[in-house]
Amino acid sequence: RFTAETRVLLVTEGMLTNYLDDDPLLSDVSTVILDEFHERSLHTDLGLALVAEARRARGDLRVVVMSATMDPEPVQAYLDGCPVVQVPGVTHPLTITYTPGQTVAQGLDHALGAGPGDVLCFLPGAGEIDRTIREAEHTAARFEVDLLPLHGSLDASAQDRALQPGSRRRVIVATNIAETSLTIEGVRVVVDSGQARRARFDPSTGMSGLE
């Protein structure tokens with residue numbers, strides 16, 4: 001919802017392309033910020049193309065493309081040699097351990113013993129999350145931690161429980177919704193299954209499916 005009083009409007013990439021379809025010049029907008037551009041999708045690429053056209057037509061429309069990991073040169077060239085603003089970040093040392101053949105539930109023993117802080121586990125979907133939580137119940141009881149699922153099909157209160165700090169140490173078992181879309185405070189250890197479920201187009205059927 002927005003009115004003439006609105007200062008900032010936060011939208012998905014799909015909503016941006018809808019707005020551009022309705023108003024190709026974005027006549028009520030002064031600045032467009034495309035954040036996390038390295039994630040790349042059909043909507044982000046189309047959105048940038050349409051915003052760049054609006055900018056060339058209007059002249060006063062400002063466009064900011066942001067990313068922590070993107071190579072800026074191709075986007076800079078596409079936007080007619082626009083300036084690149086670099087903000088130095090702070091990196092933190094990481095210790096990486098590989099445990100081939102272990103399930104995420106089995107890896108929790110090592111993760112919980114590696115040091116203080118909450119643990120974030122990545123799995124591809126709700127079914128794998130529920131199964132892992134069942135398998136990890138004894139480990140959680142031994143370490144006296146709370147096991148919390150986090151995926152898109154949970155209701156808002158269940159998602160909030162996973163995002164808000166608790167009175168005990170926590171293990172959040174999540175899909176890649178927690179990879180880029182949000183930050184969970186208190187996480188010091190990550191267990192990554194290396195799997196994610198993504199939509200793929202199958203030319204033989206003409207349909208998209210989750211793989």
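Relevant structure appears above.
Residues numbered from 1 in each chain as written. Predicted model: local features only at pLDDT ≥ 70, side-chain atom pairs only at ≥ 80, totals over all residues. Heavy atoms only, no water.

Student: Go over the pattern of salt bridges with me, naming the residues and quoting the values.
Tutor: The full count for this structure, using the stated rule, is nine salt bridges. Among the salt bridges present, the one from E128 reaches R197, with a minimum N-O distance of 2.7 Å. Of the two residues, E128 is situated in helix α5 (residues 126-135) and R197 in the loop between β6 (187-192) and β7 (199-202); the sequence distance between them amounts to 69 residues. Accessibility expressed as a relative area gives 35% for R197, which makes it partly exposed. A salt bridge links R168 to D146; its shortest N-O distance comes to 2.8 Å. Separated by 22 residues along the polypeptide, R168 in the loop between α7 (156-163) and β5 (170-174) and D146 in strand β4 (residues 146-150) bring together distant segments of the chain. (Salt bridge = Lys/Arg side-chain N within 4 Å of Asp/Glu carboxyl O. Helix = DSSP H or I, 4+ residues; strand = E, 2+ residues; numbered from the N terminus. Buried < 20%, exposed > 50% of the residue type's maximum accessible area, 1.4 Å probe, protein only.)

Student: Kindly report on the packing of aromatic side chains, identifying the contributing residues and their values.
Tutor: Across all of its chains, the model carries one aromatic pair by this definition. Judged by centre distance (6.0 Å) and plane angle (75°), the ring pair of F2 and Y19 falls under edge-to-face. With a gap of 17 residues between them, F2 in the segment before α1 (13-22) and Y19 in helix α1 connect regions that are remote in the sequence. Accessibility expressed as a relative area gives 25% for Y19, which makes it partly exposed. In this arrangement the basic side chain of R56 is found over the ring face of Y78, its NZ or CZ atom lying 5.4 Å from the centre. (Phe/Tyr/Trp six-rings, centres within 6.5 Å; stacked < 30°, edge-to-face > 60°. Lys NZ or Arg CZ within 6 Å of the ring centre and 35° of its normal.)

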